[in-house]
Amino acid sequence: MKEKLTVIKVGGKIVEEAETLNRLLTDFSTIPGYKVLVHGGGRSATKIAAQLGIESKMVNGRRITDLETLKVVTMVYGGLVNKNIVAGLQSKGVNAVGLTGADLDVIRSVKRPVKDVDYGFVGDVKYVNSGVLANLISQGFVPVMAPLTHDGEGHMLNTNADTIAGETAKALAQAFDVTLVYCFEKKGVLRDENDDDSVIPVITPELFRQYVAEGVIQGGMIPKLENSFSAVEAGVSQVVITSASTINADAGTIIKK
């Protein structure tokens, strides 16, 4: 029987403010068994880029990463945000190790081809080195993964944190019984976006199609759920969408086959 592993993806806002970060790390430290933390950091990158006189350009909520922006996100994601999290976890007795995709060749990507938009130095994940990650985890280390990968040719690439979490969970499902948890500001997927307590407890593919047709699920939640079903189809036991304050509680929306 496979041992349990929890992959937590947490957005930038939560890890960028001292109070919410401390609460998250306290909750994360109490999750039993093996675990991995994947983080964002976009607001910090935007703020520091502005301080350096570099304009942040976004298209459909995604950052255009030119050469100067790549330097900023590498510093902020791989340095400032990642090391603050690692230091915080160490203070709570969690033996964390901070990783970008380049470290130990853990995640290799290809530069996104130009179609309608040139996103610049943005990576689409090619493979996750699950053997190296599983070995680290089995030795008691807790990987803290920044949203950066590399192309194997010496270039860093800015890579979506949701994608990194999903691809990492899929790759580790070969060795572990994986639960993937996406944290965001709501308590789960809501039946009514104006009612924070209208959480849908379970979504199957049939219910997903029904809710999309009815307009209950729309916008950015559609790709998030499509990614969740893709993870489940690839062997992840379950995906949970919940708020950061309930990551170790039986709460949120569970995505199942």
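Starting from 1, residues in each chain are numbered consecutively following that chain's sequence as written. Under the rules for a predicted model, residues below a pLDDT of 70 receive no local features and side-chain atom pairs below 80 are neither given nor counted, while totals for whole chains, interfaces and linings still include all residues. With hydrogens and water set aside, each side-chain value is computed from the structure's full complement of heavy atoms.

A.B. asks: Got a minute to help me understand the packing of aromatic side chains in this structure?
C.D. replies: Each aromatic ring pair is described using two quantities: the centre-to-centre distance and the angle formed by the ring planes. The pairing test for Phe, Tyr and Trp rings, Trp by its six-membered ring, is centres within 6.5 Å, and the orientation test on the planes gives stacked under 30 degrees, edge-to-face over 60, and tilted for anything in between. All told, the structure shown has 2 aromatic pairs when counted by the stated rule. Between tyrosine 34 and phenylalanine 176 the ring centres are 5.6 Å apart and the planes differ by 75°, which places this aromatic pair in the edge-to-face class. Of this pair, tyrosine 34 sits in strand E2 (residues 34–39) while phenylalanine 176 sits in the loop between helix H6 (161–172) and strand E11 (177–184), and the two are 142 residues apart along the sequence. Each residue is assigned to one of three classes by its accessible area relative to the maximum for its type, calculated with a 1.4 Å probe on protein chains only: buried under 20%, partly exposed between the two thresholds, exposed over 50%. By relative accessible area, tyrosine 34 is classed as partly exposed at 22%. Aromatic side chains phenylalanine 208 and phenylalanine 229 sit 5.4 Å apart centroid to centroid with 50° between the ring planes, which places their arrangement in the tilted category. Placement of phenylalanine 208 in helix H7 (residues 205–214) and of phenylalanine 229 in helix H8 (residues 221–233) is noted, with a sequence separation of 21 residues between them. Residue class for phenylalanine 208 comes out buried when judged on its relative accessible area of 11%. Helix and strand definitions follow DSSP, with helices as H or I runs of at least four residues and strands as E runs of at least two, each counted in order from the N terminus.

A.B. asks: I tried to follow the environment of valine 122 on my own but got confused; where do I start?
C.D. replies: Take valine 122: it is sitting in the loop between strand E6 (107–111) and strand E7 (123–128). Throughout, a contact is declared for two residues whenever any of their heavy atoms are within 4.5 Å. With near-sequence residues (within four places) excluded, valine 122 lies in contact with Arg63, Thr65, Val110, Lys111, Arg112, Leu157 and Asn158.

A.B. asks: So what exactly am I meant to see when it comes to the sheet that holds strand E14 (residues 253–255) here?
C.D. replies: Strand order across the open sheet formed by 8 strands is E5-E8-E2-E1-E11-E13-E14-E12, with mixed pairing between neighbours. Among the strands making up the open sheet, the edge pair consists of strand E5 (96–99) and strand E12 (202–203). Against the sheet, H8 engages E11, E12, strand E13 (238–243) and E14, with an angle of about 145° to E13. We call two strands paired when DSSP finds no fewer than two bridges between them. Lines are fitted to the C-alpha atoms to define the axes, a helix being fitted only along its stretch in contact, and any angle between axes, read from their N-to-C directions, falls within 0 to 180 degrees.

A.B. asks: What is the right way to read the packing of helix H3 (residues 42–51) against helix H4 (residues 67–91) from this model?
C.D. replies: The relative placement of two packed helices comes down to the angle between their axes together with the axis-to-axis distance. Contact geometry of H3 with H4 gives a least axis separation of 9 Å together with a crossing angle of 125°. The angle between H3 and H4 places the two elements in the oblique class. For H3 against H4, the interelement crossing comes out right-handed. Seen from H3, the contacting residues are Gly42, Ser44, Ala45, Ile48 and Ala49; seen from H4, they are Val72, Val73, Val76, Tyr77, Leu80 and Val81. If an angle is under 35 degrees, it is roughly parallel; if it is over 145, roughly antiparallel; if it lies from 65 to 115, roughly perpendicular; otherwise it is oblique. Less than a right angle of anticlockwise turn of the near helix away from the far helix marks a crossing as left-handed, whereas a clockwise turn marks it as right-handed.

The analysis is restricted to geometry; functional conclusions fall outside its scope.
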